[in-house]
Amino acid sequence: MNENENIYFDCSRGCTVTRDQNDDLKCSYRIGCCKLRSHNWLNGVRQEQFANFFEVRFKNTRKGFYRNESGQSLKIGDLVVVESQTGHDLGIITLEGPVVGRQMKCKNFDPETMEVRRIYRKANTFDIEKWQEAIAREQSVMIRARQIATELGLEMKIGDVEFQGDGTKAIFYYIADGRVDFRQLIKVFAEEFRIRIEMKQIGARQEAGLIGGLGVCGRELCCANYITNFKSITTSAARCQDLSLNPQKLAGQCGKLKCCLNYEVATYLDAQSQIPRINEPLEFEDGQAFLVKTDVLKGILYFSYDKGSMASIYPLTISEVRSIMKMNRNGGKPESLKVEEEQPLPEFVTAVGDDSISRFDNSNKKRNRKKSGRSGNGGGNRNREEAEAAKKVAPQEARSRDEKKNRENNRNRDNGKGGQKGSREVRNAKSSRAQRNGQKQENPGNGSRNGGKISDKAGKPANSEKE
């Protein structure tokens, strides 16, 4: 069996609940589940003044400061039994040391003038078992309490129920627009649940902090993370930031305006104080320029010659606007906001390499043509396409290329004819020379046999050798 199957994560109280092999209940502190968690940035620093003061957290955002009078050594993450108004409660220590004093000062808690409740001891197994039994009743009690409030016709909403550690008391958190007379409701609750009842009214923002969740920014809700004092938020905070007054976008999960609208109000107000107030259009030689848009943080103002038109706008900085306004007050007018557009230079177009580029287009089709037909039509088509492309791009170059080819072909033909004529003349000269030599040898005027033999050997050497 997987060990994770026995672990229960109680995110409302910031702990994990498990049972060991002996079926004993164990609870351990889990930092990531705590709402309104404070980072101990003075960890390891000792200060005797706050050595016995601890911050103890309970369900959701309820926390308190307690003094250790038990004599036991306590640390962060220990489950302790603390003093309560009636009975005792059980919580987890989340802060210790000097940082507790800082938190007291931040929340205006003076330990010398205000009552500081005590820590009795560390919680044992019996205390944890009783605490978990009380926690298990919270959901069913909340549902039944809502039904009772509806039956009594009270205009209120039960948002959450928190049981005390000993199970003798419960706090009912409710939301109501006006004052609610819940005297009859408390009597019914006491008879129904057999516990002490405490009613605590909260606002919509506090309810969102109790429940928790993620905002549209993807982060944990600010009211569940660190905000404890909720300030009033108005639509003027959205107006000074140039935000769209769309209630669906400005409202948070609580249904009220988002708390983060107040975060950057001071920055925008400071930036707006640097922007000059423009009540009249700026005067130029070619007309009047009207303010149509302002970028507060960048300090840029956008003007247009057409009032209310965003078609053609011209940006000006704060210093430029001040100088133009000063010039207009003195009776001067700048030339114009319009800037002459630079005419684009003509692009250089060349036809060199067009024939080579076209050869690589649709190479698959050309391969298929070569495979389909071996008659050479593909080569002819390619030559025709190249010739047509060359004529379209540069007809003069194509004509000069054709003329050059014709001249080279004619020159080759002429060279071929001249070579044949020369070879014929050489053969004719050799044959005429041989004929003249034969006539001289066979002439009877020479009259000697030796001369005849010599002529025979000279004219027919093969026959003389055979003889």
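These figures come from a predicted structure and were not determined experimentally. (Residues numbered from 1 in each chain as written. Predicted model: local features only at pLDDT ≥ 70, side-chain atom pairs only at ≥ 80, totals over all residues. Heavy atoms only, no water.)

1. Quick notes on the packing of helix α3 (residues 138–151) against helix α4 (residues 183–193)
Right, so step 1: Running from N to C, α3 and α4 cross one another at 140°; their axes reach a closest spacing of 11 Å. Comparing the axis directions of α3 and α4 gives the class oblique. The element α3 and its partner α4 pack so that their crossing is right-handed. Contact residues: α3 offers Val141, Arg144, Ala145, Ile148 and Ala149, while α4 offers Leu185, Val188, Phe189, Glu192 and Phe193.
Right, so step 2: Taken together, the residues that form the contact of α3 with α4 break down as eight nonpolar, no polar and two charged. (Axes fitted to C-alpha atoms, helices over the stretch in contact; angles between N-to-C directions. Helix = DSSP H or I, 4+ residues; strand = E, 2+ residues; numbered from the N terminus. Parallel < 35°, antiparallel > 145°, perpendicular 65-115°, else oblique. Left-handed = near helix turned anticlockwise from the far one by under 90°. Contact = heavy atoms within 4.5 Å. Nonpolar A, V, L, I, M, F, W, Y, C, P; charged D, E, K, R; others polar.)

2. Some points on the sheet that holds strand β14 (residues 300–304)
Right, so step 1: Spatially, the four strands line up as an open sheet ordered β12-β13-β14-β15, and their pairing is antiparallel. Whereas interior strands pair on both sides, the edge strands pair on one side only; in this sheet they are β12 (282–284) and β15 (314–317). Neighbour-to-neighbour, the strand axes of the sheet open up by a mean angle of 40°, direction not taken into account.
Right, so step 2: Where strand β13 (residues 287–295) lies against β14, five bridges are found, and the strand directions are antiparallel. Bridge pairing in β14 places Asp295 opposite Ile300.
Right, so step 3: Across the face of the sheet, helix α10 (residues 318–329) comes into contact with β12, β14 and β15 while running at roughly 90° to β15. (Pairing = 2+ DSSP bridges.)

3. Points about the pairing of strand β11 (residues 196–201)
A regular strand places its side chains so that they alternate between the two faces of the sheet.
Right, so step 1: In the sheet, strand β10 (residues 169–175) pairs with β11 via six bridges, with the strands oriented parallel. Note on β11: the bridge partner recorded for Phe172 is Met199.
Right, so step 2: After leaving β10, the chain enters α4 and then returns to the sheet as β11, a path that is right-handed. (Right-handed = clockwise from strand over helix to strand, strands pointing away.)

4. Some points on the state of the cysteines
Put plainly, two cysteines are in a disulfide when a covalent bond ties their sulfur atoms together.
Right, so step 1: For the structure shown, the criterion picks out zero disulfides.
Right, so step 2: Here Cys222 is not cross-linked by a disulfide; its sulfur's nearest cysteine counterpart is in Cys260, at 6.2 Å.
Right, so step 3: Residue classification places Cys222 among the partly exposed residues on the basis of a relative accessible area of 25%. (Disulfide = S-S within 2.5 Å. Buried < 20%, exposed > 50% of the residue type's maximum accessible area, 1.4 Å probe, protein only.)

5. Some points on the environment of Met327
Right, so step 1: Take Met327: it is sitting in helix α10.
Right, so step 2: For Met327, a relative accessible area of 36% translates into the label partly exposed.
Right, so step 3: Taking C-alpha positions, Met327 is 9.8 Å from Leu282, a pair spaced 45 residues apart along the chain.
Right, so step 4: Beyond its immediate chain neighbours, meaning those up to four positions away, Met327 contacts Gly332, Lys333 and Pro334.

6. Focus: the packing of aromatic side chains
Right, so step 1: Enumeration according to the criterion identifies nine aromatic pairs in this entry.
Right, so step 2: Ring geometry for Phe50 versus Phe53: centroids 6.2 Å apart, planes at 65°, classification edge-to-face. For the residue pair Phe50 and Phe53, the accessibility class agrees, reading buried in each case.
Right, so step 3: For the ring pair Phe189 and Phe193, a centre distance of 5.6 Å and an interplane angle of 50° mean the geometry is tilted. Of the two residues, Phe189 and Phe193 are both situated in helix α4; the distance of four residues between them amounts to about one turn of the helix. Assigned by exposure class, Phe189 and Phe193 land together as buried. (Phe/Tyr/Trp six-rings, centres within 6.5 Å; stacked < 30°, edge-to-face > 60°.)

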